[in-house]
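# Per-entry structural report
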Amino acid sequence: GVLGIKQTQGETAMHIMGFTERSYYHVPEDEIIKNASYFGIPNTHFDPVKGSELFNTYFDEALYMEEMGFDGVMLNEHHGTPFCMGSPMNVEAAVLARITQRLKIVLLGNPLPAADPLRLAEELAMIDMISGGRLVPGFVRGAGSESLFNNANPAYNRELFNEAHDFLIKAWTTPGPFRYEGKHYHYRFVNPWVLPIQKPHPPIWIPGLVSPETVVWCARHRYPYLALATFLEPTLEMVKLYANTAAQEGYQFGPENFGYLQRIVVAETEEKAQELGKGFMYGGGINAFARPEWMFPPGYNSKAATQRLARVSMDPNSGEEMITFTPSESQADIDETRAKIYGRYQTEQDNLQLIVGTPESIIPKIRHILETVRPGIFALWHSHGPISHEDRMTSIRLLGEEIIPAMRAISDELGLPGPYEREPGSRPLPTSGVREPVAGELVVS
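## Digging into the overall build of the protein chain
Counting its regular elements, the protein chain contains 15 helices and 11 strands. Radius of gyration (C-alpha) of the protein chain: 21 Å, near the 22 Å computed for a compact globule of 445 residues. Taken across its 445 residues, the protein chain has 57% of its residues classed as buried. Considering only contacts within the protein chain whose residues lie at least 6 apart along the sequence, 78% involve residues at least 24 apart. Side-chain charges in the protein chain split into 38 positive and 54 negative, and the spacing between the mean points of these groups amounts to 6 Å.

See below:
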């Protein structure tokens, strides 16, 4: 192992993976703010030469994650936005499948309502084969902007997701050729000649933004659910909802069923870390991903989900609504919005939406999250915005040398098995009434 760090721990404990959005950060910040959204910025701001350089540095960083003891690298997919360059994410995954040796390639995830599920079944099978069986596919409904970009009717979003998922599993597990006639998908000839190495199919993990419908769906399918950088209070509600649904389905929930994504910036000094952490605020950060009319078009969400989104958009500590953005060409308006954005930088840290610092100052905060959420899967979103390749590599090194070993020790102490140590959904309900603690519960030894 590098620097004395054991490199093979990922199969026996909590799964720890690295993540970035692989953003194209050469867009001037004023352009993002005046558009009130990353989505919708004209692609005249894109330089393919700079994009090429970025893609290759992101691949270099994934290789370095493997060297530094990460268990996996997480990719995601967004379309029509500099927020994430991973539009056809499976192309990136295929490259990583060939150039890495050990990392799990975790795709969180492919937007099923915007995909051809038969083509997707073939692409994912190829990635699994090239990697030697290291693929972890994950599926999403996709933000409303994905529906717009791919001309998919948002009112059928969940229907498309469910049918595409079921068909994809069938394509992987049912000998062909066969004919398929569904509500939204029709195939005369299903007989893929590329199939995954992992049987009956690769393990499936599902990410989300605390949608109750998705959590219940995951529990019924016994798929791990990963909360994407959500506030802790609604996250714990989803843990308990998953646990209750699992009990109704006849099995016991545990850490192997739940994951969490944390935005984290680590550097060798507090001053440097605070400088780099502002990259997460660039242009409005995740709050400026897309305007509401693009993010949640009519029909995309249920009434219950819409009501819940309105509640979770409130800062649980201050009770204030998150920053809203309005398109404007006025430089005065742009400057005022920028001041509001960066004015929340410390608030983001106070409510643990963003953890910034040196390893020494960061580890206690990560411990708090592990003790509170009790996840068996943890994704470290380690950089965003205009941060140099050199600084991103330093972050990966510090995570590998200091943070990950500490997380492994804490996870062992708390008894947090990952999905490779204990198969999700494999444990029957206890007959004695004794069960594992659920996140947020007080455990008295």
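Now that the structure is up, let's keep going.
## Comments concerning the packing of helix H6 (residues 157-173) against helix H7 (residues 212-221)
A pair of packed helices can be characterised by two numbers: the angle between their axes and the separation between those axes. Packing of H6 against H7 leaves a shortest axis separation of 13 Å and a crossing angle of 15°. Compared by their axis directions, H6 and H7 come out roughly parallel. Judged by the twist between their axes, the crossing of H6 over H7 is right-handed. Contact residues: Arg 158, Phe 161, Asn 162, His 165 and Asp 166 in H6; Glu 213, Thr 214, Trp 217 and His 221 in H7. Of the residues contributing to the contact of H6 with H7, the split by class is 2 nonpolar, 4 polar and 3 charged.

## Regarding the pattern of salt bridges
Scanning the entire structure with this criterion turns up 24 salt bridges. Measuring nitrogen to oxygen at the nearest pair gives 2.8 Å for the salt bridge that ties Arg 338 to Asp 30. Taken together, the residues Arg 338 in helix H12 (residues 331-343) and Asp 30 in helix H1 (residues 29-35) connect sequence positions 308 residues apart. When the shortest N-O distance is used, the salt bridge between Arg 397 and Glu 401 registers 3.3 Å. A residue pair is termed a helical-turn pair when its members lie 3 or 4 positions apart in one helix, as Arg 397 and Glu 401 do in helix H15 (residues 389-414) at 4 residues. A cluster of three or more residues bridged by salt bridges with shared partners is formed by Glu 29, Asp 30, Asp 335 and Arg 338.

## Details of the packing of aromatic side chains
Using the criterion set out here, one finds 16 aromatic pairs in the structure. With centroids separated by 5.3 Å and ring planes inclined at 70°, the aromatic side chains of Phe 19 and Trp 381 adopt a geometry described as edge-to-face. One end of the pair, Phe 19, is in strand S1 (residues 15-19); the other, Trp 381, is in strand S11 (residues 377-381), with 362 residues separating them in the sequence. When the ring of Tyr 225 is compared with that of Phe 258, the centres are 5.7 Å apart and the planes differ by 45°; the resulting orientation is tilted. Residue Tyr 225 is located in strand S8 (residues 225-228), and its partner Phe 258 is located in strand S9 (residues 258-266); the two are separated by 33 residues in the primary sequence. You'll find Tyr 225 and Phe 258 in the same group, each marked buried. Note that Lys 104 overlies the ring of Tyr 420, its terminal NZ or CZ placed 4.4 Å from the centroid.

## Remarks on the side chain of Gln 349
Of note, Gln 349 is situated in helix H13 (residues 345-350). Here Gln 274 takes part through its side chain, which lies 3.1 Å from a polar atom of the side chain of Gln 349. Non-local contacts of Gln 349, meaning those with residues more than four positions away in its chain, are made with Gln 274, Leu 354 and Val 356.

## Some remarks on the side chain of Ser 23
Mapped onto the secondary structure, Ser 23 falls in the loop between S1 and H1. The buried category is assigned to Ser 23, whose relative accessible area is 6%. For Ser 23, the contacting residues outside a window of four places in its chain are Leu 54, Tyr 58, Pro 82, Phe 83, Cys 84, Met 85, His 384 and Gly 385.

Calculation rules
- Residues numbered from 1 in each chain as written.
- Predicted model: local features only at pLDDT ≥ 70, side-chain atom pairs only at ≥ 80, totals over all residues.
- Heavy atoms only, no water.
- Helix = DSSP H or I, 4+ residues; strand = E, 2+ residues; numbered from the N terminus.
- Rg over C-alpha atoms; globule rule 2.2 N^0.38 Å.
- Buried < 20%, exposed > 50% of the residue type's maximum accessible area, 1.4 Å probe, protein only.
- Contact = heavy atoms within 4.5 Å.
- Lys, Arg positive; Asp, Glu negative; His and termini not counted.
- Charge placed at Lys NZ, Arg CZ, Asp CG, Glu CD.
- Axes fitted to C-alpha atoms, helices over the stretch in contact; angles between N-to-C directions.
- Parallel < 35°, antiparallel > 145°, perpendicular 65-115°, else oblique.
- Left-handed = near helix turned anticlockwise from the far one by under 90°.
- Nonpolar A, V, L, I, M, F, W, Y, C, P; charged D, E, K, R; others polar.
- Salt bridge = Lys/Arg side-chain N within 4 Å of Asp/Glu carboxyl O.
- Phe/Tyr/Trp six-rings, centres within 6.5 Å; stacked < 30°, edge-to-face > 60°.
- Lys NZ or Arg CZ within 6 Å of the ring centre and 35° of its normal.
- Polar contact = N/O pair within 3.5 Å; in protein donor to acceptor, adjacent residues only side chain to side chain.

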